[in-house]
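Working through the structure, step by step
Chain by chain, the residues:
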Amino acid sequence: MSYAQRKEISGNRTAAIIVVAILHAILGYAIVTGLAYNVIKKAAEDLKTFDVEEEPPPPEETPPPPENVPDTPPPVVAPPPIVRTNTMPPPVTVVPVAPPVQITPTAPPAPPAPPPVRTVPPKSAVGNLQGLFSPEDYPPQAADREEQGTVTVRLAVGTNGRVTDCTISSSSGSRTLDSTTCRILRSRARFSPATDNMGNPTVGSHTQRITWRLQ
């Protein structure tokens, strides 16, 4: 576009602006002074408007391609190879398991043993049992054979103090003297019975030596 064309368009724009301003002033004055609606309508019809078109800007010039551009594309660079390393698994820690504790039930404590029973041995009611024998008790058969000696007897004594059994612990050497000794003690011997630690009468035993001598 030439300079003269641009100057002509600019002048037309200015004239249009001035005409529009004058018309606005007239319309305002007519409204203020109370002119009739027909005057306003006639003025509006006489108004000649026109569109002002602006010239589009010139198209931008495309820059020329750079010179000496090689036709071959750049070489394709391959990515570096992926290096895979063998990762060792973490070490496995073995925790030793303690063996189960075996609990052996203990037997309840045994009740305390009762105190041993202590007995008081029986005592002869007459003291020395040798006094129960007299010369008349000497067996005639033993006297004829001149048998003599000492016999040891073990007597079992009941709770009533009587002899319940007689055992020869050591013989005199004469059966007659041994049997006569037990027969006399069973019939004549009397004892105070043995007693336990509570003082109750109980069975007991007594050992006695009887000597037979010829006069």
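Residues numbered from 1 in each chain as written. Predicted model: local features only at pLDDT ≥ 70, side-chain atom pairs only at ≥ 80, totals over all residues. Heavy atoms only, no water.

Before going further, it helps to examine the overall build of the protein. Summing up its helical and strand segments, the protein has 4 helices and 7 strands in all. Reading the secondary structure of the protein in the N-to-C direction produces α-α-β-α-β-β-α-β-β-β-β. For the protein, the residues scored as buried account for 19% of the 215 residues in total. Long-range contacts, defined here as pairs at least 24 residues apart, represent 72% of the contacts in the protein between residues at least 6 apart. When the accessible surface of the protein is summed, it comes to about 18,100 Å², and 59% of that surface belongs to carbon and sulfur atoms. (Helix = DSSP H or I, 4+ residues; strand = E, 2+ residues; numbered from the N terminus. Buried < 20%, exposed > 50% of the residue type's maximum accessible area, 1.4 Å probe, protein only. Contact = heavy atoms within 4.5 Å. Areas by Shrake-Rupley, 256 points an atom, 1.4 Å probe, with all protein chains shown as cover.)

Time to look at the sheet that holds strand 7 (residues 204-212). Read from one edge to the other, the open sheet built from 3 strands follows the order 3-2-7, with strand pairing classed as antiparallel. Two strands close off the open sheet at either side, each with one partner strand: strand 3 (163-170) and strand 7. Geometrically, the sheet is characterised by an average inter-axis angle of 25° between neighbouring strands, direction not taken into account. Where strand 2 (residues 149-157) meets strand 7, 9 bridges bridge the pair, whose relative direction is antiparallel. Across the sheet, the residue bridging to Val 153 is Gln 208, located in strand 7. (Pairing = 2+ DSSP bridges. Axes fitted to C-alpha atoms, helices over the stretch in contact; angles between N-to-C directions.)

A separate point is the nonpolar core. Leu 155, Leu 185 and Trp 212 are the most contacted members of the largest nonpolar core, which has 19 residues in total. If we ignore the near neighbours within four places in the chain, the residues touching Leu 155 are Leu 129, Val 163, Asp 165, Cys 166, Leu 185, Phe 191, Gly 204, Ser 205 and His 206. (Core = buried A, V, L, I, M, F, W, Y, C linked by side-chain atoms within 4.5 Å.)

Excluding glycine, residues mostly have negative phi values, and the peptide bonds linking residues are mostly trans. In the Ramachandran plot, Glu 146 falls in the positive-phi region, its phi being about 55° despite a non-glycine side chain. Here Glu 146 lies in the loop between helix 3 (140-144) and strand 2. Take Glu 146: its relative accessible area is 60%, and that puts it in the exposed class.

Below, the discussion takes up the pattern of salt bridges. In the structure shown here, the tally under the stated rule is 3 salt bridges. With its nearest N and O atoms 2.8 Å apart, the salt bridge here joins Arg 188 to Asp 137. Placement of the pair is Arg 188 in helix 4 (residues 175-188) and Asp 137 in the loop between strand 1 (123-124) and helix 3, with a sequence separation of 51 residues. Using a relative accessible area of 16% as the deciding quantity, one classes Asp 137 as buried. (Salt bridge = Lys/Arg side-chain N within 4 Å of Asp/Glu carboxyl O.)

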